[in-house]
Amino acid sequence: MSVQLELDILRYDPEKDGEPHYQAYSVSCQDEWMVLDAINHLKDHVDTTLSYRWSCHMAVCGSCGMMIDGKPKLACNVSVRDYANRKIRIEPLANFPIERDLVVVQDDFMEKLKRVKPYIIRKEETTVEEGEYKQSPAELKKFKQFTLCINCLCCYAACPQYALMPEFIGPAALTLAHRYNTDSRDQGLAERHKEISKPEGVWECSFTDTCSDACPKHVDPASALQQLKIATTTQWYKELIGMGGK
Amino acid sequence: MAKVNKALFWSLFAAGGTVTAFVFPVLALIALIAAQGGMPDIMGFEQMRGLLANWFGKLVAFGIVSLALWHAAHRLRTALHGLGIRADGVVSFLGYGIALLGTILVGYHLLQI
Amino acid sequence: MPYVRPVSKTTWYLANRSYTIHMINELTSLFVGIFALILLWGIGAVSRGKEAYEAFLANLKGPGMVALLWITTIVVFYHAIAWFKVTPKAMPIQRGEEFVPASVIAGAHYVVWIVLSLVVLILAGAF
């Protein structure tokens, strides 16, 4: 059994092209292939110039994010059977500058990730003698879902606010900020608040829920961002009356 | 200025959205029935005045009308921005201005009842 | 040079169904605002006395107003349903290690909605 895929892949060579253009490929696929397998086959046997990122082939590394038939997905996570006998477009992740072919420039996200301080922040460290920080299963459950992010950037590709206003810190970075804010070991909410409460922080989010739709790991960033809006508002009111200590 | 207070405007929007979700459908239905003339006793003057005469009724009415206006002002500001109207300062001033005016007016009217 | 793809600031919401529905949801607030102004008008009429209020009711009966009230009623019902749909996302309730299912939270909202609506109908003199 084989599946025929008709692909229009967006190509761009920064040294030769002024603009990206589509190139058509036809691939005979094995039934059980993912779209990534089809692309790998193309590169190995048809067109070695095709550039793209990939690694684990099991939806944990977050490398192979791309627009498949207009939707941001992990190429290793999508079966070729879903697109049998149809012409579909393969493009680099939306809302990012194209480096080359299906490779996007991710520097903007990396910079934003740093700004939200995605690590445990303590006001007072406990000594080694005092023992480890203990956390109950219930305390872990509170934020566990938001730890599952693999930084694949599908949510940024799906977010219309990031498309219209690239200064928006964005779903994944803000979700990670919320992940640390709700970690019982963390004491850094007030410090992260400075970045999050900026106009380009959580307030840019208009709750279209498209980020959660796109997330291949079911992190539900939309939920994190709405919770973050409530937490940020609470912190804002607290600071207003001089009680913003935490 | 309009951007710095996003926490304030957003919390008014969220409160307004919740309040209007709960009470606007039935209130709109009542207004519609009164307009169609189906139930002559509905929304009668004595009934309405009675409800709004005590301070609790005034508080509820004030909350509903004011929060609804702040909700609409904030959400329409976002919507217009999404439609490509980039004059955020003007839109904010007009929208929040109407909400503020409406808030003051409804308070004033309620105090007269 | 990396290539930046242009995005239309005026028609982006037509690109897919999720975006279009989102824009429609945002625009429902127009009718929320309009109805709030109608309530303001009515309250103002009550404050001026019986004659002013009867005039207000007569105004509501005009064909233009009736049409507006039909649209407003439908739109605010839609707003309520859309709002209850997303509320669970903003307020997760954790009981021990489990979260209360979204359907339960939304369901509770609907129950309150129905009870509240009946109370308001009684207070307005419907029964």
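Residues numbered from 1 in each chain as written. Chains lettered and ligands numbered in written order. Predicted model: local features only at pLDDT ≥ 70, side-chain atom pairs only at ≥ 80, totals over all residues.

Chemist: Summarise the overall build of chain B; cite the residues concerned and give the values.
Modeler: Each helix and strand counted, chain B has four helices and zero strands in total. Counting from the amino terminus, chain B carries its helices and strands in the arrangement α-α-α-α. Its C-alpha atoms put chain B at 45 × 30 × 20 Å along the principal axes. Buried positions account for 47% of the 113 residues belonging to chain B. (Helix = DSSP H or I, 4+ residues; strand = E, 2+ residues; numbered from the N terminus. Buried ≥ 20, exposed ≤ 12 C-beta atoms within 10 Å, placed from the backbone.)

Chemist: Run through the overall build of chain C, naming residues and quoting values.
Modeler: Check the secondary structure of chain C and you find four helices and two strands. Going from N to C terminus, chain C has its helices and strands arranged as α-α-α-β-β-α. For chain C, the spread of C-alpha atoms along the three principal axes comes to 70 × 50 × 20 Å. Every one of the 127 residues in chain C was classed for burial, and the buried ones make up 24%. Counting contacts in chain C only where the partners sit at least 6 residues apart, residues at least 24 apart contribute 37% of the total. (Contact = placed C-beta atoms within 7 Å.)

Chemist: Which residues make up the interface of chain C and chain B, and what are the values?
Modeler: Every contact between the two is made by 48 residues of chain C and, on the other side, 49 residues of chain B. For the side of chain C that touches chain B, the secondary-structure elements that each account for two or more residues are helix H1 (17-48), helix H2 (50-60), helix H3 (63-90) and helix H4 (102-123) of chain C. Along the lines of polarity and charge, the residues of the side of chain C that touches chain B split into 33 nonpolar, 10 polar and five charged. (Nonpolar A, V, L, I, M, F, W, Y, C, P; charged D, E, K, R; others polar.)

Chemist: Could you give me a rundown of unusual backbone geometry, with the residues and numbers involved?
Modeler: One non-glycine residue, His57 of chain A, adopts positive backbone phi at about 60°. The topology assignment puts His57 of chain A in the loop between helix H1 (35-45) and strand E3 (65-68).

Chemist: Mind laying out the interface of chain C and chain A, listing which residues take part and the relevant values?
Modeler: Contacts between the two partners involve 18 residues from chain C, matched on the other side by 25 residues from chain A. Residue assignment for the side of chain C that touches chain A shows that the elements contributing at least two residues are H1 and H3 of chain C. Split by residue class, the side of chain C that touches chain A holds 10 nonpolar, five polar and three charged.

Chemist: So what's going on with the pairing of strand E5 (residues 87-91) of chain A? Which residues, and what values?
Modeler: Across four bridges, the pairing between strand E1 (residues 2-11) of chain A and E5 of chain A is parallel. The partner of Leu7 of chain A across the bridge, within E5 of chain A, is Ile88 of chain A. (Pairing = 2+ DSSP bridges.)

Chemist: Provide a residue-level description of the domain arrangement of chain C, including the pertinent values.
Modeler: Residue and element names in this part refer to chain C. Structurally, chain C comprises domain 1 (12-90) and domain 2 (92-127). A separation of 21 Å is found between the C-alpha centroids of domain 1 and domain 2. Across the boundary between the two partners, domain 1 contributes five residues, which contact six residues of domain 2. Counted by class, the side of domain 1 that touches domain 2 contains three nonpolar, one polar and one charged residues. (Domains from an automatic or database assignment.)

Chemist: Please give an account of the nonpolar core that cites residues and values.
Modeler: Formed by 119 residues in total, the largest nonpolar core has its most connected members in Ala75, Cys155 and Leu174 of chain A. When residues of this core are assigned to their parent elements, the largest contribution, 17 residues, is made by helix H1 (residues 6-36) of chain B. Setting aside its immediate chain neighbours within four residues, Cys155 of chain A contacts Pro171, Ala172, Cys211, Ala214, Cys215 and Pro221 of chain A. (Core = buried A, V, L, I, M, F, W, Y, C linked by C-beta atoms within 7 Å.)

Chemist: Residues and numbers for the pairing of strand E4 (residues 71-74) of chain A, please.
Modeler: All names here are of chain A. In this structure, E3 lies alongside E4, joined through four bridges in antiparallel fashion. Looking across to E4, one finds that Ile68 is bridged to Lys71. Remark: two residues form the turn of the hairpin made by E3 and E4, two consecutive strands paired antiparallel; Asp69 in that turn has positive phi of roughly 55°.

Chemist: Any details on the environment of Ile71 of chain C? Residues and values, ideally.
Modeler: Residues and elements named next belong to chain C. As for its position among the elements, Ile71 is in helix H3. Its 12 C-beta neighbours within 10 Å are what place Ile71 among the exposed residues. For the pair Ile71 and Val46, spaced 25 residues apart in sequence, the C-alpha to C-alpha distance is 24 Å.

Chemist: Explain the sheet that holds E3 of chain A to me, and be specific about the residues and the numbers.
Modeler: Residue and element names in this part refer to chain A. Ordered by their spatial adjacency, five strands build an open sheet running E2-E1-E5-E3-E4, and the pairing between neighbours is mixed. Here the strands that pair on one side only, and so sit at the sheet edges, are strand E2 (21-30) and E4. Ignoring which end each strand starts from, the neighbouring axes of this sheet average 35° apart. Strands in contact with H1 are E1, E2 and E3; relative to E2, the strand with the most contacts, it is inclined by about 110°. (Axes fitted to C-alpha atoms, helices over the stretch in contact; angles between N-to-C directions.)

Chemist: Describe in detail the environment of Lys141 of chain A, supporting the description with residues and values.
Modeler: Residue placement: Lys141 of chain A occurs in helix H3 (residues 137-144). Overall, the presence of 14 C-beta atoms within 10 Å leaves Lys141 of chain A in the partly exposed class. Through-space distance from the C-alpha of Lys141 of chain A to that of Pro118 of chain A is 18 Å; in sequence the pair is 23 residues apart. Look past the residues within four positions of Lys141 of chain A in its chain and what remains in contact with it is Gln94 and Glu97 of chain C.

Chemist: Lay out helix H6 (residues 171-181) of chain A in plain terms, naming residues and giving numbers.
Modeler: Residue and element names in this part refer to chain A. Within H6, 11 of the 11 residues are buried, which leaves the element mostly enclosed by the surrounding structure. Of the residues making up H6, those classed as buried are Pro171, Ala172, Ala173, Leu174, Thr175, Leu176, Ala177, His178, Arg179, Tyr180 and Asn181. For H6, the elements touching its buried residues are helix H2 (107-115), H3, helix H4 (154-158), helix H7 (189-196), helix H8 (210-214) and helix H9 (221-240).

Chemist: Outline the confidence of the model for chain B, listing residues and values.
Modeler: Across chain B, the average pLDDT comes to 92, with 96% of residues at or above 70. By mean pLDDT, the top-scoring element of chain B is helix H3 (residues 55-82) of chain B (96), and the lowest-scoring one is helix H2 (residues 45-53) of chain B (91). (pLDDT = per-residue confidence, 0-100.)

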